[in-house]
Amino acid sequence: MQTSQPVLITGCSSGIGLCVARGLKQEGFQVIASARRREDVERLREEDGLDAVQLDLDSRSSISAGLQAALEISGGRLYAGSWSEWIRNPARPVATDAG
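As the structure is a prediction and not an experimental result, all values here were calculated from the model. (Residues numbered from 1 in each chain as written. Predicted model: local features only at pLDDT ≥ 70, side-chain atom pairs only at ≥ 80, totals over all residues. Heavy atoms only, no water.)

1. Some thoughts on the sheet that holds strand β2 (residues 30–35)
Read across the sheet, 4 strands follow the order β3-β2-β1-β4 without closing on themselves; strand pairing throughout is parallel. Either end of the sheet is taken by a strand with one partner, and the two such strands are β3 (51–54) and β4 (80–82). Each adjacent strand pair in this sheet contributes to an overall mean axis angle of 20°, direction not counted. By the bridge criterion, 3 bridges tie strand β1 (residues 6–9) to β4 in an arrangement that is parallel. Pairing of L8 across the sheet is with G81, part of β4. Along the sheet, helix α2 (residues 38–48) makes contact with β2 and β3, crossing β3 at roughly 175°. Strand contacts of helix α3 (residues 60–73): β1, β2 and β3, with the helix running at about 160° to β3, the strand carrying the most contacts. (Pairing = 2+ DSSP bridges. Helix = DSSP H or I, 4+ residues; strand = E, 2+ residues; numbered from the N terminus. Axes fitted to C-alpha atoms, helices over the stretch in contact; angles between N-to-C directions. Contact = heavy atoms within 4.5 Å.)

Quick look at the structure:
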């Protein structure tokens, strides 16, 4: 049974998101890392040992699917989330598609 608090971190293919994911994992959180590209998701799983989902903040359908996958991984609960792309560029709209 997972005893650590689950968190969802976006933008984990590199940079701030990846650093935050690695740091929180080291602190004992159950990190669910996300990235836009499937190959980055696989790398996060294989190289960093993170739970990972595919999620693109430019797509509502991707956000919905990624969040659903994260909730399945975490047993239906998330303690916190970090949207690192939005933090880096707050003027950027999130989920601009109609899907």
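Let's pick the thread back up.
2. Let's talk about the pattern of salt bridges
Applying the stated criterion to the full structure yields 4 salt bridges. One salt bridge connects D48 with R22, and the closest N-O pair in it is separated by 2.8 Å. Of this pair, D48 sits in helix α2 while R22 is found in helix α1 (residues 15–26), placing the two residues 26 residues apart along the sequence. Judged by its relative accessible area of 16%, D48 falls in the buried class. In this structure, D40 engages R37 in a salt bridge whose closest nitrogen and oxygen atoms are separated by 2.9 Å. Each member of the salt-bridge network shares a partner with another, and the members are R37, E39, D40 and R43. (Salt bridge = Lys/Arg side-chain N within 4 Å of Asp/Glu carboxyl O. Buried < 20%, exposed > 50% of the residue type's maximum accessible area, 1.4 Å probe, protein only.)

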